[in-house]
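Per-entry structural report
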Amino acid sequence: MSADVPRRTAASRATDRPGDASPFALGLLLRQAHWRAATVMSEALRPLGIELRHFAVLIVLVDRGPTVQRDLAAATGTDKAGIMRVVDDLERKGLAVRKSVPGDRRVRAVEITPQGVELFDAAHVAAEPLADRLVADLGSDESEQLRDLLTRFAYPAGGEA
């Protein structure tokens, strides 16, 4: 250690265990919570023949209507190649179609099909009991509080990241 650098007491080190007080604790806890939720929700989607990455695109299409692939990639946090693979899968399964965008032959919008909407609705029905299982150890007020806190955390009022 250089003589110019002030000595500090040892910082808390990240452990990925409950009660961790390190500066990385929140991120690690959120990562673990995401992994658990993704694993449980994947169970609901598996019998329907899709994965979470497919369902993420269907969510955007139901919410926004026909959407160009570039915007789908941004909305789902997927790169260009990844979104193309997901849309290819959805097209093969008859859940979405690519359509030309008037005025720009190079751009294609992705649109959910009626079969895609049916699967989207079936996924919600299949996921409901599993979602209840995710929050089974929380009281009903705590479950709502968790949803509220995570929403405020993910979408801060000032829009900062």
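The structure under discussion appears in the preceding block.
So, here is what we can say about the structure in this document. (Residues numbered from 1 in each chain as written. Predicted model: local features only at pLDDT ≥ 70, side-chain atom pairs only at ≥ 80, totals over all residues. Heavy atoms only, no water.)

1. What about a nonpolar patch on the surface?
Together, Leu138, Leu146 and Leu150 give the surface a local cluster of nonpolar side chains, amounting to about 220 Å² of exposed area. Mapped onto the elements of the fold, Leu138 is located in the loop between α5 (114–134) and α6 (140–154). (Patch = residues over 30% accessible without salt bridge, like charges linked within 9 Å, V, L, I, M, F, W, Y side chains within 5 Å. Areas by Shrake-Rupley, 256 points an atom, 1.4 Å probe, with all protein chains shown as cover. Salt bridge = Lys/Arg side-chain N within 4 Å of Asp/Glu carboxyl O. Helix = DSSP H or I, 4+ residues; strand = E, 2+ residues; numbered from the N terminus.)

2. Some thoughts on the pattern of salt bridges
In total, this model carries 10 salt bridges according to the counting rule given. Measuring nitrogen to oxygen at the nearest pair gives 3.4 Å for the salt bridge that ties Glu111 to Lys99. Of this pair, Glu111 sits in strand β3 (residues 104–112) while Lys99 is found in strand β2 (residues 96–101), placing the two residues 12 residues apart along the sequence. Between Arg106 and Asp104 there is a salt bridge, with its nearest N and O atoms 3.3 Å apart. By relative accessible area, Arg106 is classed as exposed at 74%. The exposure class of Asp104 is partly exposed, given its relative accessible area of 23%. Taken together, the shared-partner salt bridges in this structure form one network comprising Glu51, Arg53, Asp89 and Arg92. (Buried < 20%, exposed > 50% of the residue type's maximum accessible area, 1.4 Å probe, protein only.)

3. Re the sheet that holds β3
Ordered in space as β1-β3-β2, the 3 strands form an open sheet in which the pairing is antiparallel. Where the open sheet ends on each side, the last strands, each with one partner, are β1 (67–68) and β2. Of the strand pairs in this sheet, β1 and β3 are connected by 2 bridges, and their pairing is antiparallel. Each residue of the ladder has a partner; that of Thr67, found in β3, is Val110. (Pairing = 2+ DSSP bridges.)

4. Looking at the nonpolar core
Within the largest apolar cluster, 20 residues are counted, with the highest numbers of intra-cluster contacts made by Ile50, Phe55, Val57, Leu58, Leu61, Leu72 and Leu90. At the level of elements, α2 (52–64), α3 (69–76), α4 (80–92), β3 and α5 are the ones that each hand at least two residues to this core. For Leu61, the residues in contact, after removing those within four places along its chain, are Thr67, Leu72, Ala96, Val110, Glu111 and Ile112. Ranked by size, the runner-up nonpolar core spans 5 residues in total, among them Val40, Met41, Ala44 and Leu130. (Core = buried A, V, L, I, M, F, W, Y, C linked by side-chain atoms within 4.5 Å. Contact = heavy atoms within 4.5 Å.)

5. Some thoughts on the packing of helix α1 (residues 25–45) against α5
One way to put it is that α1 packs onto α5 with a least axis distance of 8 Å and a crossing angle of 145 degrees. For the element pair α1 and α5, the recorded crossing hand is right-handed. Facing α1, whose interface residues are Arg36, Ala37, Val40, Met41, Glu43, Ala44 and Leu45, α5 presents Ala123, Ala126, Ala127, Leu130, Ala131, Arg133 and Leu134. Along the lines of polarity and charge, the residues of the contact of α1 with α5 split into 11 nonpolar, no polar and 3 charged. (Axes fitted to C-alpha atoms, helices over the stretch in contact; angles between N-to-C directions. Left-handed = near helix turned anticlockwise from the far one by under 90°. Nonpolar A, V, L, I, M, F, W, Y, C, P; charged D, E, K, R; others polar.)

6. A short note on the environment of Arg152
As for its placement among the helices and strands, Arg152 is situated in helix α6. Within polar-contact distance, the side chain of Arg152 engages the side chain of Asp148 at 2.9 Å. (Polar contact = N/O pair within 3.5 Å; in protein donor to acceptor, adjacent residues only side chain to side chain.)

7. Some points on the packing of aromatic side chains
What the rule picks out here adds up to 1 aromatic pair. Aromatic side chains Phe55 and Phe120 sit 5.3 Å apart centroid to centroid with 20 degrees between the ring planes, which places their arrangement in the stacked category. Within this pair, whereas Phe55 is found in helix α2, its partner Phe120 is found in helix α5, the two being separated by 65 residues in sequence. Comparing Phe55 with Phe120, the two get one shared label, buried. (Phe/Tyr/Trp six-rings, centres within 6.5 Å; stacked < 30°, edge-to-face > 60°.)

8. Quick notes on α2
Taking 1.5 Å as the rise per residue, α2 with 13 residues should run 18 Å; its terminal C-alpha atoms sit 18 Å apart, in good agreement. Among the residues of α2, His54, Phe55, Val57, Leu58, Val60 and Leu61 are the ones counted as buried. In the segment just after α2, Gly65 is the residue with positive phi, at about 85 degrees. (Expected span 1.5 Å × (residues − 1).)

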